[in-house]
Amino acid sequence: MAAGQMVAVFGAYGHTGRFVVAELQARGFVPVLSGRDADKLKAQAYETGLEARPASADDPAALDRALAGTAAVINAAGPFAVTGAPVIEAALRAGIPYVDVAAEIEANADTFAHFADRAREAGAVVVPAMAFYGGLGDLLVTAAMGDWTSADEAHIAYGLSNWHPTAGTRASGVISRERRDGRRVRFSGGRLEYRDDQAPTLEWAFPEPMGTRAVIGEFTMADVVTVPSHLPIPEVRTYMTVEAAKDVVAPDSPAPAPADESGRSAQTFLVDVVVRSGGDERRAVATGQDIYAVTAPLVVEAVERILTGRTKAVGVVSAGEIFDAADFLRALSAHLSVDLRP
């Protein structure tokens, strides 16, 4: 079904964008390379033999040309506070699905707030945060919920061996800190709260072989937007291993370095999800390698399911709402090991 379908990738030459392009090709899609840097696109087009269509987020006509004739667009170009709305607008004009890999909390919240009504009325599909942060956590929480229709709390603990940030991650972090005036954010009582105090350092009992580790409590990621967008859970908390939290903010942390022929780094991850309702608890665990690389199969699986009609909703929707979460996770078995525990 994917054979020959063109999918535009905005930010195709970036670290994550290159993984997305390779995954699209592996599944029989024809990526159309796009982004603002014409020279980088030209070099990538020469390397891959793919068509390049330069466009910047502030040029609607160029975005329209970039998306012309494509079946969907994947936005892999952060900061998404800058690129998200213009590329969504272009997708709505083109009448094609939009999927992005945004980890920026405020950018994702903006997508739900500003485009929900228009996308729903148009019967369009807009899926933000279809990535390691936001999408994967939402899928795991939704799958762990099973037949529950609500829960009291959801906890998503990230056990990363390290976190060597890309240039895009650093740029997005700067934008987010500016938008928050340096404050931190958490989701409590059914809403986002902005706080001036320090996040707590706690211990989290990860499954073996990781075991108990020190984590930054309320190290808030995009899951606090995606999960509550469709699940009535008033308390959604995310946690990060202390070492990884230090890595991502350290000015001298290196960029990810390839450790295998696919370009993946040696970074490993374990995501531990706990959902509680009353006195009952359900759990889901996912393990894998390289948070940036695993974003590619997540976002491309989403596009493939949208284009083949394996969806449950339209409008601005998160992964857990639009897809069968457990089935989606099973489909990624070549990239993720997932264990759903009652």
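Everything below is about the structure shown above.
Residues numbered from 1 in each chain as written. Predicted model: local features only at pLDDT ≥ 70, side-chain atom pairs only at ≥ 80, totals over all residues. Heavy atoms only, no water.

Participant: How do you make sense of the packing of helix 6 (residues 132–145) against helix 10 (residues 291–307) when you look at a structure like this?
Facilitator: A packed helix pair is summarised by two numbers, namely the angle formed by the two axes and the spacing between the axes. Put simply, helix 6 and helix 10 touch, their axes get as near as 10 Å, and they point 60 degrees apart. In this structure, the crossing between helix 6 and helix 10 has a hand that is left-handed. Only Ile291, Val294, Thr295 and Leu298 of helix 10 make contact with helix 6, whose side of the interface consists of Phe132, Tyr133, Leu136 and Leu139. Of the residues that constitute the contact of helix 6 with helix 10, the class distribution is seven nonpolar, one polar and no charged. (Axes fitted to C-alpha atoms, helices over the stretch in contact; angles between N-to-C directions. Helix = DSSP H or I, 4+ residues; strand = E, 2+ residues; numbered from the N terminus. Left-handed = near helix turned anticlockwise from the far one by under 90°. Contact = heavy atoms within 4.5 Å. Nonpolar A, V, L, I, M, F, W, Y, C, P; charged D, E, K, R; others polar.)

Participant: Got a minute to help me understand unusual backbone geometry in this structure?
Facilitator: Trans peptide bonds make up most of the peptide bonds, and negative phi angles are found at most residues other than glycine. Omega for the peptide link from glycine 78 to proline 79 comes to 0 degrees, which places this bond in the cis form. Locating proline 79 in the fold gives a position in the loop between strand 4 (72–75) and helix 4 (80–94). Backbone torsion omega between glutamate 208 and proline 209 reads 10 degrees, so that peptide bond is classified as cis. On the secondary structure map, proline 209 appears in the loop between strand 10 (201–205) and strand 11 (212–217). Of note in this structure, alanine 129 is not a glycine but carries a positive phi near 55 degrees. By the element assignment, alanine 129 lies in the loop between strand 6 (125–127) and helix 6. Judged by its relative accessible area of 0%, alanine 129 is buried. The backbone of aspartate 290 shows a phi angle near 70 degrees, a positive value even though the residue is not glycine. (Buried < 20%, exposed > 50% of the residue type's maximum accessible area, 1.4 Å probe, protein only.)

Participant: Any chance you could explain the packing of aromatic side chains here in plain terms?
Facilitator: Counted according to the given criterion, the structure contains nine aromatic pairs. With a centroid separation of 4.9 Å and an interplanar angle of 35 degrees, the aromatic rings of tryptophan 204 and tyrosine 239 are classed as tilted. Of this pair, tryptophan 204 sits in strand 10 while tyrosine 239 sits in strand 12 (residues 235–241), and the two are 35 residues apart along the sequence. The class of tryptophan 204 is buried, set by a relative accessible area of 11%. Judged by centre distance (5.1 Å) and plane angle (40 degrees), the rings of phenylalanine 323 and phenylalanine 328 are tilted. Relative accessible area serves as the criterion here: at 0%, phenylalanine 323 is assigned to the buried category. The class of phenylalanine 328 is buried, set by a relative accessible area of 0%. Site record: aromatic cluster; members linked through ring pairs are Phe132, Tyr133, Tyr158, Trp163, Phe219 and Phe269. (Phe/Tyr/Trp six-rings, centres within 6.5 Å; stacked < 30°, edge-to-face > 60°.)

Function cannot be read off these values alone, since they describe shape.
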